[in-house]
Amino acid sequence: MSAALARARRDFVAAVERRNPHEPEFVQAACELAESVMPLVLDNADYRAARILERMAEPDRVISFRVCWEDDAGEVRVNRAWRVQFNRALGPYKGGMRFSAGVTPSVLKFLGFEQTFKNALTGLPMGGGKGGADFDPHGASEREVMRFCKALMAELYRHIAPHVDVPAGDVGVGSREIGYLFGEYSRLTNRFEGGVLTGKGLTFGGSAVREEATGYGVICMLINALEHHGRGLEGQRVAISGAGNVALHAAEKACAEGARVVTLSDSDGTAWCADGLDAEQIAWIKALKLERRGRISEAADQLQGVEFHRGEQPWRLPCDIALPAALENEIDDDDARCLLDHDLVALAEGANMPVTAKASKRLREAGVVFLPAKAANAGGVAVSGLEQSQNATRVSWSRETVERRLHEIMRDIHDDCVANGGAGTVTDYFRGANVAAFERVARAMLAYGIV
Ligand code: NDP
């Protein structure tokens, strides 16, 4: 590495840290992008003159607001909520809403930043945004969740619109919450504007395959990448963390493609099945987690061949492919060592930034086929983009049409990563995704002048 490149990276990291104190997740995401794209920036006088990287690392705006609501006992509750409108160079802000006790401005800024580049990779006209609240839905009753969603929308509706900002779901926000949010938006505005939220129910403007799209898309990307390296998914042991939207649909698809899904987990621990869960078992767990809102430990009581490891993550158990699909930074350097001890072949990031910077570097340097979240989990927002297209033209596409488009988009993302990922024996998808996405956003920003 040249001295100039090392200095530019160091200066960028120092400036991001200085401007964003106490925001470690955001600093981590911005610095991971800079690691890949700094050589391009140094080589391009226009990028340097326009301070393109510094501008990308500042959100357009962060809206912060109070959400007051009443719980079932009649007590007043006060939560904090945010919408980060990060970058609209390529289209209206687009990104999910997260409800979790751990939501902070740092987490939402990192997610909004990542979303900008992920959306760019899809090739669809979407900018980047993210939002959420420090509301913990665990243990909340159906009515409490509804009251919270309506109270949140009482402020959020001022800041969103189909051509402005289009939220969707994320952790803690599924089709139930999107229904409540959309109902309240329609009531407050007296308009039926399908294109203001995605992930809607099929009877009121939702798209076929949206619910499955992120998990299915991850497996699509994994199959493309394995084939590119002369391998296949069939018979491979896939360890998946989480048991939410992304994890369960990835498990369903992986199993259909002949892989052995050996784990699923939740915040209580990991369900382990050495031979691999079959389709029926996965369907049972899907109903348990998404409909009955139960705990993964129940799978061990009810399903043959399943053991429960309380308080443990899947990463110490043997597997060929790791698919983290729960939380950011869930795989640390020790976990990475364990995965390598078990001869890990590939890792696909279902969750956003689920691998710490150190662990990511270790795995990539060891020759693991590493599929970063920007590319691997872009299928969800891609189908959200297709939902917006259907809403704008007032048509509904068939399941087959949407699934075919999803496959094409994931194939194009894969090929873009390969084209920009350098020429090693193992493709550098991390660099490929960052470079391809950065170039798209940067070119649009340059065209707009200084805004
Ligand atoms: P869900 O809320 O549907 O599921 C999250 C899962 O993670 C739950 O099973 C939850 O368990 C589990 N979990 C939470 N905390 C822990 C923990 N400490 N240890 C182990 N498991 C834990 O979220 P999604 O599936 O939608 O999102 C998962 C990830 O994928 C996030 O990073 C999200 O940003 C990303 N993503 C989601 C997209 C989507 O379309 N939904 C699109 C692209 C990315 P519990 O039941 O105990 O809460």
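Criteria and thresholds
Residues numbered from 1 in each chain as written. Predicted model: local features only at pLDDT ≥ 70, side-chain atom pairs only at ≥ 80, totals over all residues. Heavy atoms only, no water. Helix = DSSP H or I, 4+ residues; strand = E, 2+ residues; numbered from the N terminus. Rg over C-alpha atoms; globule rule 2.2 N^0.38 Å. Buried < 20%, exposed > 50% of the residue type's maximum accessible area, 1.4 Å probe, protein only. Contact = heavy atoms within 4.5 Å. Lys, Arg positive; Asp, Glu negative; His and termini not counted. Charge placed at Lys NZ, Arg CZ, Asp CG, Glu CD. Axes fitted to C-alpha atoms, helices over the stretch in contact; angles between N-to-C directions. Parallel < 35°, antiparallel > 145°, perpendicular 65-115°, else oblique. Left-handed = near helix turned anticlockwise from the far one by under 90°. Near = heavy atom within 4 Å. Polar contact = N/O pair within 3.5 Å; in protein donor to acceptor, adjacent residues only side chain to side chain. Areas by Shrake-Rupley, 256 points an atom, 1.4 Å probe, with all protein chains shown as cover. Domains from an automatic or database assignment. Buried area = accessible area lost by both parts, 1.4 Å probe. Salt bridge = Lys/Arg side-chain N within 4 Å of Asp/Glu carboxyl O. Nonpolar A, V, L, I, M, F, W, Y, C, P; charged D, E, K, R; others polar.

A.B. asks: Talk me through the overall build of the chain; I want residue IDs and the actual numbers.
C.D. replies: If you tally the helices and strands in the chain, you get 17 helices and 12 strands. In terms of overall size, the chain behaves like a compact globule, its C-alpha atoms giving a radius of gyration of 21 Å where 451 residues would be expected to give roughly 22 Å. The principal-axis extent of the C-alpha atoms belonging to the chain is close to 60 × 55 × 45 Å. By residue count, 57% of the 451 residues in the chain fall in the buried class. The contacts of the chain with a sequence gap of at least 6 include a subset with a gap of at least 24, amounting to 71%. Charge centroids of the chain, computed over 53 positive and 62 negative side chains, lie 6 Å from each other.

A.B. asks: Quick one: what's the story with the packing of helix H1 (residues 3-19) against helix H2 (residues 24-43), residue by residue and with numbers?
C.D. replies: Between H1 and H2, the shortest axis-to-axis distance is 10 Å and the interhelical angle comes to 150°. Regarding the angle of H1 to H2, the classification is roughly antiparallel. Handedness of the crossing formed by H1 with H2: right-handed. Seen from H1, the contacting residues are Ala-4, Leu-5, Ala-8, Arg-9, Phe-12, Val-13, Val-16 and Glu-17; seen from H2, they are Phe-26, Val-27, Ala-30, Cys-31, Ala-34, Glu-35, Met-38, Pro-39 and Leu-42.

A.B. asks: Describe unusual backbone geometry, and please don't skip the residues or the numbers.
C.D. replies: Positive phi values are uncommon outside glycine, yet Val-209 reaches one of about 70°. With respect to the helices and strands, Val-209 occurs in the loop between helix H7 (175-189) and helix H8 (210-228). Phi is positive for Asn-329, which is not a glycine, with a value near 55°. Mapping Asn-329 onto the fold places it in the loop between strand E10 (321-323) and helix H12 (333-341). On the basis of relative accessibility, which here comes to 27%, the residue Asn-329 falls in the partly exposed class.

A.B. asks: Tell me about the site of the ligand, and please be specific about residues and values.
C.D. replies: Around the ligand, the structure places 23 residues, and the nearest of them are His-138, Asp-170, Thr-214, Ser-267 and Arg-295. Separating an oxygen atom of the ligand from a side-chain N or O atom of Arg-98 is a distance of 3.0 Å. With respect to the ligand, the side chain of His-138 contributes an N or O atom lying 2.7 Å from an oxygen atom. Out of a free accessible area of 890 Å², the ligand has 82% covered by protein chains. Elements that contribute at least two residues to the shell around the ligand include exactly H8 and helix H9 (245-256). Residues from two domains meet in the shell around the ligand; each of domain 2 (61-192) and domain 3 (213-367) gives at least three.

A.B. asks: So what's going on with the domain arrangement of the chain? Which residues, and what values?
C.D. replies: Under the domain assignment used here, the chain contains domain 1 (3-56), domain 2 (61-192) and domain 3 (213-367). The centre of domain 1, based on its C-alpha atoms, is set 28 Å off from the matching centre of domain 2. The partner domain 2 presents 9 residues to the 10 residues of domain 1 that form the contact. Summed over both sides, the interface of domain 1 with domain 2 buries roughly 870 Å², with 69% coming from carbon and sulfur. Area buried by domain 1 at its contact with domain 2 is led by Glu-25, Phe-26 and Met-56, which between them contribute 56% of it. Our count for the contact surface shared by domain 1 and domain 2 stands at 1 salt bridge. Across the salt bridge formed by Glu-23 and Lys-109, the nearest N and O atoms sit 2.7 Å from each other. At the junction of domain 1 and domain 2, the tally comes to 4 residue pairs in polar contact (both at pLDDT 80 or more). If you tally residues by element for the side of domain 1 that touches domain 2, the top one is H2, at 6 residues. Its residues assigned to classes, the side of domain 1 that touches domain 2 shows 6 nonpolar, 2 polar and 2 charged.

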